[in-house]
Amino acid sequence: MSRIVTVEEVSAHLPQLLAHLESGEEVLLVGPDGTPLARLAPLETSAETPASDATLPPRVPGMDQGKIRQNVDRPGFRCPYA
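Residues numbered from 1 in each chain as written. Predicted model: local features only at pLDDT ≥ 70, side-chain atom pairs only at ≥ 80, totals over all residues. Heavy atoms only, no water.

Caption draft 1: Examining the overall build of the protein more closely. If you tally the helices and strands in the protein, you get 2 helices and 3 strands. N-terminal to C-terminal, the α/β element order of the protein is β-α-α-β-β. The buried share of the protein, taken over its 82 residues, is 10%. Residue pairs at least 24 apart in sequence account for 22% of intrachain contacts in the protein once pairs closer than 6 positions are excluded. Of the roughly 7,500 Å² of accessible surface on the protein, 56% is carried by carbon and sulfur atoms. (Helix = DSSP H or I, 4+ residues; strand = E, 2+ residues; numbered from the N terminus. Buried < 20%, exposed > 50% of the residue type's maximum accessible area, 1.4 Å probe, protein only. Contact = heavy atoms within 4.5 Å. Areas by Shrake-Rupley, 256 points an atom, 1.4 Å probe, with all protein chains shown as cover.)

Caption draft 2: How the structure looks around the sheet that holds strand 3 (residues 36–40). The mixed open sheet is built from 3 strands, whose spatial order is 1-2-3. The outermost strands of the open sheet, each flanked by one partner alone, are strand 1 (2–6) and strand 3. For this sheet the average axis-to-axis angle between neighbouring strands, irrespective of direction, equals 25°. Relative to strand 3, strand 2 (residues 26–30) runs antiparallel, the two sharing 4 bridges. Note on strand 3: the bridge partner recorded for Leu29 is Ala38. (Pairing = 2+ DSSP bridges. Axes fitted to C-alpha atoms, helices over the stretch in contact; angles between N-to-C directions.)

Caption draft 3: Representation of the pattern of salt bridges. Under the counting rule described, the total for this entry stands at 2 salt bridges. Close ionic contact of Arg3 with Glu25 constitutes a salt bridge, the shortest N to O distance being 3.4 Å. One end of the pair, Arg3, is in strand 1; the other, Glu25, is in the loop between helix 2 (14–22) and strand 2, and 22 residues separate them in sequence. In this structure Glu25 comes out as buried when scored by relative accessible area, which is 17%. Put simply, Arg39 and Glu26 hold a salt bridge, and the shortest N to O gap is 3.1 Å. Highlighted residues: Arg39 in strand 3 and Glu26 in strand 2, separated in sequence by 13 residues. (Salt bridge = Lys/Arg side-chain N within 4 Å of Asp/Glu carboxyl O.)

This is the structure we're talking about:
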């Protein structure tokens, strides 16, 4: 079941809303005019699997060596982020 709250209620009752999330309840945040702004839902994690990237293979230093080329030595090269 979802609980519908306003922004003012969130700022006044955040600890209680977090308790609802911990118990598995969703919280729908609505604006002053009643339009939905966000849906807060509890994370689905198990005790043996951390919430991090547990499904990804471990990173190995140098595994992409030679796959990424940078053309910094090319005449006229301009960094797009500078």
